[in-house]
Amino acid sequence: MARRLGIMGGTFDPIHMGHLVAAETARVDVGLDEVVFVPAGDPWQKTDRDVSPAEQRYLMTVLATAANPAFSVSRLEVDRDGPTYTVDTLRAVRDERPGTTLFFITGADAILNILTWKDAEEALQLATFVAATRPGHDLSSLERQGLREHVTVLDIPALAISSSDIRARFAADAAVRYLIPDSVEQFARKHALYAAAAARPGEHLQEVAVGG
């Protein structure tokens, strides 16, 4: 049987427990052999705010996923020049792993905007999309857009956690323990990544996935 590979794209600024719970839930519920995290290099949807350096976001993702043997982290986007587009990532993974069945894990809000992405129809053919959403989130518009057959929906309570809130907590010297892995907290504090986080516009997990 073909291997089933989950691809979890995101800015991961910082990666948090919601990302990890979403990836593990997708791995188990969708029957994935592996989930590869792909930190965005130059996320085109984040031009309205400062984003932490790609190398540091990559290293935090490595730290966060190290304990799970089914998780890995790719430098595909970090090492690519120019804006990050999901379809390019899917093409590259398809070429690297021929015969593998691809599942792209992203947030509900991103899924609802998928038709605005670059080469959206091709992206939907390259992978099954897995929408991680809070319980009760309204995804009825997927039906209206004709996307439901391309999308698997997973209800994940931990998605109430957001990277923007965590950055603001760092800036306010508030507690972040149990919202992010200890190793990620230590890395962020060592490098003073979010000292001015409160001034940044925020995003929730649903919006941080590599998209468009």
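What counts and how
- Residues numbered from 1 in each chain as written.
- Predicted model: local features only at pLDDT ≥ 70, side-chain atom pairs only at ≥ 80, totals over all residues.
- Heavy atoms only, no water.
- Helix = DSSP H or I, 4+ residues; strand = E, 2+ residues; numbered from the N terminus.
- Buried < 20%, exposed > 50% of the residue type's maximum accessible area, 1.4 Å probe, protein only.
- Contact = heavy atoms within 4.5 Å.
- Pairing = 2+ DSSP bridges.
- Axes fitted to C-alpha atoms, helices over the stretch in contact; angles between N-to-C directions.
- Right-handed = clockwise from strand over helix to strand, strands pointing away.
- Core = buried A, V, L, I, M, F, W, Y, C linked by side-chain atoms within 4.5 Å.
- Phe/Tyr/Trp six-rings, centres within 6.5 Å; stacked < 30°, edge-to-face > 60°.
- Salt bridge = Lys/Arg side-chain N within 4 Å of Asp/Glu carboxyl O.

Q: What is the right way to look at the side chain of Thr65 in this model?
A: Turning to its location among the elements, Thr65 is positioned in helix α2 (residues 54–65). Thr65 gets classed as buried once you look at its relative accessible area, which sits at 3%. When near neighbours in sequence (up to four residues on either side) are disregarded, Thr65 contacts Ile15, Leu20, Phe37, Phe71 and Val73.

Q: Can you help me understand the sheet that holds strand β6 (residues 151–155) in this one?
A: In a beta sheet, neighbouring strands pair by backbone hydrogen bonds and run either parallel or antiparallel. Read across the sheet, 6 strands follow the order β3-β2-β1-β4-β5-β6 without closing on themselves; strand pairing throughout is parallel. Of all strands in the sheet, those with a lone pairing partner are β3 (71–73) and β6, marking the two edges. With strand direction ignored, the average angle separating the axes of adjacent strands in the sheet is 25°. In this structure, strand β5 (residues 128–133) lies alongside β6, joined through 5 bridges in parallel fashion. Residue pairing in the sheet places Thr133 in a bridge with Asp155 of β6. The sheet contacts of helix α3 (residues 86–96) involve β1 (4–10), β2 (34–39), β4 (101–107) and β5, and relative to β4 the element is tilted by about 150°.

Q: Explanation requested: the pairing of β2 in the structure shown.
A: Within β2, 6 of the 6 residues are buried, leaving the element largely enclosed by the surrounding structure. Of the two faces of β2, both are covered, the one formed by Glu34, Val36 and Val38 as well as the one formed by Val35, Phe37 and Pro39. Here β1 pairs with β2 via 6 bridges, running parallel. Within β2, the residue paired with Gly9 across the bridge is Val38. With helix α1 (residues 17–30) bridging β1 and its parallel neighbour β2, the resulting β-α-β unit is right-handed.

Q: Teacher, can you tell me more about the nonpolar core here?
A: Side chains of nonpolar character tend, in soluble globular proteins, to be buried together. By size, the foremost hydrophobic cluster in this structure holds 32 residues, and its most contacted members are Met8, Ile15, Val35, Phe37 and Met60. Beyond its immediate stretch of four places on either side in the chain, Ile15 contacts Leu20, Phe37, Met60, Thr61, Ala64, Thr65, Ile180, Pro181 and Val184. In this structure, Ile111, Ala120, Ala131 and Leu139 belong to the second largest nonpolar core, which totals 27 residues.

Q: Help me understand the packing of aromatic side chains, please; the structure alone is not making it clear to me.
A: Any aromatic ring pair is given by two values, namely how distant the centres are and how the planes are angled relative to each other. Going through the model one piece at a time under the given rule, you end up with 5 aromatic pairs. Residues Phe12 and Phe37 carry aromatic rings whose centres are separated by 5.9 Å and whose planes lie at 50° to one another, so their mutual orientation is tilted. Placement of the pair is Phe12 in the loop between β1 and α1 and Phe37 in strand β2, with a sequence separation of 25 residues. Taking the relative accessible area as the measure of exposure, Phe37 reaches 0% and is therefore buried. For the ring pair Phe37 and Phe71, a centre distance of 5.1 Å and an interplane angle of 65° mean the geometry is edge-to-face. With Phe37 in strand β2 and Phe71 in strand β3, the pair connects residues that are 34 residues apart, well separated along the chain. Taken together through their ring pairs, the aromatic side chains of Phe12, Phe37 and Phe71 make up a single cluster.

Q: I tried to follow the pattern of salt bridges on my own but got confused; where do I start?
A: Side chains carrying opposite charge are able to pair once their charged atoms draw close together. Summed over the entire model, instances satisfying the criterion amount to 13 salt bridges. Where Arg91 meets Asp88, a salt bridge forms, and the shortest distance between an N and an O atom there is 2.9 Å. Here Arg91 and its partner Asp88 are both found in helix α3, 3 residues apart, which amounts to about one turn of the helix. The class for Arg91 is partly exposed, based on a relative accessible area of 22%. Taking the relative accessible area as the measure of exposure, Asp88 reaches 19% and is therefore buried. A salt bridge links Glu185 to Arg189; the shortest N-O distance between them is 3.0 Å.

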